[in-house]
Amino acid sequence: MYYSYKMTYDYGFAPNPFWGVCSLSTCKPTIRRKAVIGDWILGIGSEEMDLTYKVIYLMKVTEKLSFSDYWSDERWQSKKPTLNGSLITIHGDNVYSKDEAGQWQQAVCQHTHPDISMRQKHIVKDTGGKFVLLSNHFYYFGDACFEIDDEYKPICSEVRSHRKLTEAKEVECFESFTRWVAKNYKVGIHGDPIGWKEYNQFELVFDWRN
């Protein structure tokens, strides 16, 4: 299956392309519920970002985990946010666990309130996706994003939520695009998150602590 959607922000949180694996653990709950290993996800820029038709990332799902497994798995401890660290660690996306009563707990992250209290609306939306999608076969462009060629624009989502591409022509177009990307780019990170241009590290940590 193939999915595409418009991104309204890019801070390295959703998706999180660091530590050798691109993870999608927040936002896009429908995609996270339904996507399976082998599916592809395309994130493009939006009008809000002034990046219409710009390719921000492309990933092939290679692993799908529950939130509990993501939180406890030793492999992904580096993806838990650390606010007094670098911009990479600040934007960790391994943020959901359950307490002894079975209630969701949200680590201090991009989806918490400015006073670092949990933000319920994000807890409901994020955990509603039920799963975390991981990829070791991804292309993250961030601020090195590029406009997709006209021949591939039919695979781009025209709505804010997402598109699931199922028609034969759409599937053929998407597969052709993945081959083009593989031919022209190496797997991995090609740019910094677009949102990082808005602040320096000290200001980010200060704002989130006050």
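Residues numbered from 1 in each chain as written. Predicted model: local features only at pLDDT ≥ 70, side-chain atom pairs only at ≥ 80, totals over all residues. Heavy atoms only, no water.

In this section: the sheet that holds strand β8 (residues 131-135). Spatially, the 3 strands line up as an open sheet ordered β2-β8-β5, and their pairing is antiparallel. Across the chains shown, the open sheet's two edge strands, defined by having one partner strand only, are β2 (22-24) and β5 (63-66). Sheet twist, expressed as the average angle between the axes of neighbouring strands with direction ignored, equals 25°. In terms of strand pairing, β5 meets β8 through 4 bridges, oriented antiparallel. Each residue of the ladder has a partner; that of Leu-65, found in β8, is Val-132. (Pairing = 2+ DSSP bridges. Helix = DSSP H or I, 4+ residues; strand = E, 2+ residues; numbered from the N terminus. Axes fitted to C-alpha atoms, helices over the stretch in contact; angles between N-to-C directions.)

The next point concerns unusual backbone geometry. Following Ala-14, the chain continues to Pro-15 via a peptide bond in cis, the omega torsion being 5°. For Pro-15, the position within the fold is in the loop between β1 (2-6) and β2. Not every positive phi belongs to a glycine, and Cys-27 is a case in point at roughly 60°. Within the secondary structure, Cys-27 is located in the loop between β2 and α1 (29-34).

The subject of this paragraph is the side chain of Thr-178. Note on placement: Thr-178 falls in helix α5 (residues 168-184). With relative accessibility at 11%, the residue Thr-178 sits in the buried group. Setting aside chain neighbours within four positions, we find Thr-178 in contact with Trp-40 and Leu-58. (Buried < 20%, exposed > 50% of the residue type's maximum accessible area, 1.4 Å probe, protein only. Contact = heavy atoms within 4.5 Å.)

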